[in-house]
Amino acid sequence: MVHPIDLHVGKRLRQRRCLLGMTQQKLAEAVGIKFQQIQKYESGTNRVSASRLWALAASLDVPVSHFFDGLSPTDCPEGYD
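Residues numbered from 1 in each chain as written. Predicted model: local features only at pLDDT ≥ 70, side-chain atom pairs only at ≥ 80, totals over all residues. Heavy atoms only, no water.

Q: Looking at this structure, I do not really get the pattern of salt bridges. What am I missing?
A: Side-chain pairing between opposite charges can occur once the charged atoms of the two side chains come close. Taken as a whole and judged by the stated rule, the model has 4 salt bridges. For Arg17, the salt bridge goes to Glu42, with nearest N and O atoms at 2.6 Å. Of this pair, Arg17 sits in helix H1 (residues 4–19) while Glu42 sits in helix H3 (residues 35–43), and the two are 25 residues apart along the sequence. Each of the two residues, Arg17 as well as Glu42, counts as buried. Taken together, the shared-partner salt bridges connect Arg14, Arg17 and Glu42 into one network. (Salt bridge = Lys/Arg side-chain N within 4 Å of Asp/Glu carboxyl O. Helix = DSSP H or I, 4+ residues; strand = E, 2+ residues; numbered from the N terminus. Buried < 20%, exposed > 50% of the residue type's maximum accessible area, 1.4 Å probe, protein only.)

The structure is reproduced here in structure tokens:
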């Protein structure tokens, strides 16, 4: 089951990457991983660790908080905390 916050972070990651016209391959190379891992992050299938989120933010030229913009404390339904 995909956690709603992981899904939100993945969507924000994809939006920013696409806005910059960057491929999954190019972003993956920038942070030293395989493009398949970017696919998993963007779909919310895999959670992004804090250190990886930091590297992704730097590569996409945004603050880490960018990935959480638009979330509120009520966006995490019961059973997910």
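So much for the structure itself; the text now carries on.
Q: I keep staring at the packing of helix H2 (residues 24–31) against H3 and nothing clicks. Help me out?
A: Running from N to C, H2 and H3 cross one another at 105°; their axes reach a closest spacing of 8 Å. Between H2 and H3, the angle falls in the class roughly perpendicular. For the pair H2 and H3, the contacting residues are Gln24, Gln25, Leu27 and Ala28 in the first and Phe35, Ile38, Gln39 and Glu42 in the second. Tallied by class, the residues present in the contact of H2 with H3 amount to 4 nonpolar, 3 polar and 1 charged. (Axes fitted to C-alpha atoms, helices over the stretch in contact; angles between N-to-C directions. Parallel < 35°, antiparallel > 145°, perpendicular 65-115°, else oblique. Contact = heavy atoms within 4.5 Å. Nonpolar A, V, L, I, M, F, W, Y, C, P; charged D, E, K, R; others polar.)

Q: What's the story with the nonpolar core in this structure? I'm lost.
A: What tends to happen in soluble globular proteins is that the nonpolar side chains get buried as a cluster. One finds Leu13, Leu27, Ile38, Leu56, Leu60 and Phe67 to be the most contacted residues of the largest nonpolar core, which totals 15 residues. Among the elements of the structure, H1, H2, H3 and helix H4 (50–59) are those that each provide at least two residues to this core. (Core = buried A, V, L, I, M, F, W, Y, C linked by side-chain atoms within 4.5 Å.)

Q: Could you clarify how one ought to interpret the side chain of Gln24 in this entry?
A: Here Gln24 shows up in helix H2. Reaching out from Gln24, the side chain makes a polar contact with the side chain of Glu42 at a distance of 3.0 Å. Not counting residues within four places of it along the chain, the set of residues in contact with Gln24 comprises Arg17, Phe35, Ile38, Gln39 and Glu42. (Polar contact = N/O pair within 3.5 Å; in protein donor to acceptor, adjacent residues only side chain to side chain.)

Q: Any chance you could explain unusual backbone geometry here in plain terms?
A: Glycine aside, residues mostly have negative phi angles, and peptide bonds mostly take the trans form. The backbone phi angle of Asp61 is positive, close to 55°, even though this residue is not glycine. With respect to the helices and strands, the residue Asp61 is situated in the segment after H4. Since its relative accessible area comes to 64%, Asp61 is described here as exposed.

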